[in-house]
Amino acid sequence: MREAVISALAELARRDERSAEMARMALDTLAPDRKVEQLTQHTVQRFCWYELPLRFQESHEDRLFAARSLGNLFSLLQLYRYAQICQGPETSALLTIHHENNQAGRAMYERLM
């Protein structure tokens, strides 16, 4: 599966180099050895809804872009359930709420999990 990840990242880079770099950084957090077969829905949700708001503190747009980029990578890997988590309305709403109010973002995270 690692070869599939490398191939998907290369395809994403052909489409958008910045998106590929964001997806690569996110994936390095989720699956350091790029063993996506060991990912779980819980792990992807925790990353998008808890870790992402903490790791990309500089820019709300960067957080949204990272989630979309990771979702694009998952789509290329045909991991559509994970792509939906990354690109779904819950993730977008949580990232926006967290940007406006950390406490409300954490409360939403707990409710969604």
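In short, a report on the structure. (Residues numbered from 1 in each chain as written. Predicted model: local features only at pLDDT ≥ 70, side-chain atom pairs only at ≥ 80, totals over all residues. Heavy atoms only, no water.)

## Description of the nonpolar core
With 36 residues, the main nonpolar core has Leu39, Val44, Leu70, Leu73 and Phe74 as its most contacted residues. Breaking this core down by element, the ones donating at least two residues are helix H1 (2–15), helix H2 (17–30), helix H3 (41–55), helix H4 (60–76), helix H5 (80–87), helix H6 (89–100) and helix H7 (102–112). Considering every element that reaches this core, the biggest residue donor is H4, with 7 residues. The residues contacting Leu73, other than those within four sequence positions of it, are Ala8, Leu9, Leu12, Ala23 and Leu27. (Core = buried A, V, L, I, M, F, W, Y, C linked by side-chain atoms within 4.5 Å. Buried < 20%, exposed > 50% of the residue type's maximum accessible area, 1.4 Å probe, protein only. Helix = DSSP H or I, 4+ residues; strand = E, 2+ residues; numbered from the N terminus. Contact = heavy atoms within 4.5 Å.)

## Re the environment of Met113
Here Met113 shows up in the segment after H7. Placed 94 residues apart in sequence, Met113 and Ser19 show a C-alpha to C-alpha distance of 27 Å. Ignoring sequence-local partners within four residues, the contact set of Met113 consists of His42, Gln45, Arg46 and Trp49.

## Some words on the environment of His60
Locating His60 in the fold gives a position in helix H4. The spacing of His60 and Ser7 is 53 residues in sequence and 29 Å in space, taken between C-alpha atoms. In this structure, His60 is in contact with Leu95, Thr96 and His99, ignoring residues within four places of it in sequence. A polar contact of 3.5 Å, which involves the side chain of His60, links it to the backbone oxygen of Leu95. (Polar contact = N/O pair within 3.5 Å; in protein donor to acceptor, adjacent residues only side chain to side chain.)

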